[in-house]
Amino acid sequence: MTLNTTPDDRELALAPLDEKADHVRGSPGGHLIIEYGDYECPYSRLAYRSIERLEAQLNDGVRFAFRHFPLTEIHPHALAASLAAEAAALQGRFWEMHDMLFHRQQALEDEDLRGYARELGLDLARFDVDRRGEAVLERVRRDVRSGTASGEVLGTPTLFIDGVVHRAGYDTETLMAALTG
């Protein structure tokens, strides 16, 4: 765990970015946004869309990592969607599945997830075995544990910018100001 200081000098523990385990894209020199998100959460989808816009505008100026935080008590399909994303990751297609899950958030039933895997050209038999396997479930649990351990992830989305929790809005303009201000 690393300690980071928030603007009001409270300390929080945020698991550092692990290049081998975390799903991260963008230039290593850019500002790092870590999102703890839920594929069924409409607010996570809004944050994701804002981050996509930032990536397009800033190119190498932003780096993005996604960590799972499925809110299973209110989003019954969130865990299955996270497992599908991780099963796709085992076939090298995490980001494609990630994007598809947010773009098609209203369709996260089992057959929908299999259809997305088919569209991505995944090996469906392997996808089905992997998403029901312990390794994929443990990968999602890792993210949930890290969010819980931070003491800051209470819902979704929760964003950290360069290691500091971001409590302001997650619209593109507010995020841009946080990155460039």
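It should be noted that the structure appears before, not after, this text.
Since the structure is predicted, the reported quantities are computational estimates derived from the model, not experimental observations.

Chemist: When you look at the sheet that holds strand E5 (residues 62–68) in this model, what are you seeing that I'm missing?
Modeler: Across a sheet, strands are paired by hydrogen bonds formed along the backbone, either parallel or antiparallel in direction. On the basis of which strands lie adjacent, the open sheet formed by 5 strands has the order E3-E5-E4-E6-E7 and mixed pairing. In the strand order of this sheet, the two ends are held by strand E3 (23–26) and strand E7 (164–166), each with one partner. The sheet shows a mean angle of 25° between the axes of neighbouring strands, direction not considered. The pairing of E3 with E5 spans 4 bridges and is antiparallel. Bridged to Val24 within E5 is Ala65. The sheet contacts of helix H1 (residues 42–58) involve E3, strand E4 (31–37), E5 and strand E6 (158–161), and relative to E4 the element is tilted by about 160°. Sitting on the sheet, helix H3 (residues 94–103) is in contact with E3 and E5, with an inclination near 75° to E5.

Chemist: Explain the pattern of salt bridges here, please?
Modeler: Two side chains bearing opposite charge may form a pair once their charged atoms approach each other closely. Scanning all chains against the criterion turns up 20 salt bridges. For Asp110, the salt bridge identified is with Arg132, shortest N-O distance 3.4 Å. Of this pair, Asp110 sits in helix H4 (residues 110–119) while Arg132 sits in the loop between helix H5 (124–131) and helix H6 (134–150), and the two are 22 residues apart along the sequence. The exposed category is assigned to Arg132, whose relative accessible area is 56%.

Chemist: Just checking my understanding: could you explain the pairing of E6 for this structure?
Modeler: Note on strand geometry: in a regular strand, side chains alternate between the two faces of the sheet. Side chains Thr158 and Phe160 project from E6 onto one buried face, and the interleaved Leu159 and Ile161 project onto a second face that is buried too. In terms of strand pairing, E4 meets E6 through 4 bridges, oriented antiparallel. Following the sheet pairing, Ile33 is matched in E6 by Ile161. Strand direction decides the pairing type here: E6 and E7, joined by 3 bridges, are antiparallel. Looking across to E7, one finds that Phe160 is bridged to Val165.

Chemist: Explain the packing of H1 against H3 here, please?
Modeler: What describes two packed helices is the angle between their axes and the distance between those same axes. It is at 10 Å that the axes of H1 and H3 come closest, and there the two elements cross at 125°. On the basis of their axis angle, the class for H1 and H3 is oblique. As H1 packs across H3, the resulting crossing turns out to be left-handed. Between H1, through Ser44, Arg45, Tyr48, Arg49 and Glu52, and H3, the contact on the second element is made entirely by His98, Asp99, Phe102 and His103. Each residue belonging to the contact of H1 with H3 can be placed in one class, and the counts come to 2 nonpolar, 3 polar and 4 charged.

Criteria and thresholds
- Residues numbered from 1 in each chain as written.
- Predicted model: local features only at pLDDT ≥ 70, side-chain atom pairs only at ≥ 80, totals over all residues.
- Heavy atoms only, no water.
- Pairing = 2+ DSSP bridges.
- Helix = DSSP H or I, 4+ residues; strand = E, 2+ residues; numbered from the N terminus.
- Axes fitted to C-alpha atoms, helices over the stretch in contact; angles between N-to-C directions.
- Contact = heavy atoms within 4.5 Å.
- Salt bridge = Lys/Arg side-chain N within 4 Å of Asp/Glu carboxyl O.
- Buried < 20%, exposed > 50% of the residue type's maximum accessible area, 1.4 Å probe, protein only.
- Parallel < 35°, antiparallel > 145°, perpendicular 65-115°, else oblique.
- Left-handed = near helix turned anticlockwise from the far one by under 90°.
- Nonpolar A, V, L, I, M, F, W, Y, C, P; charged D, E, K, R; others polar.

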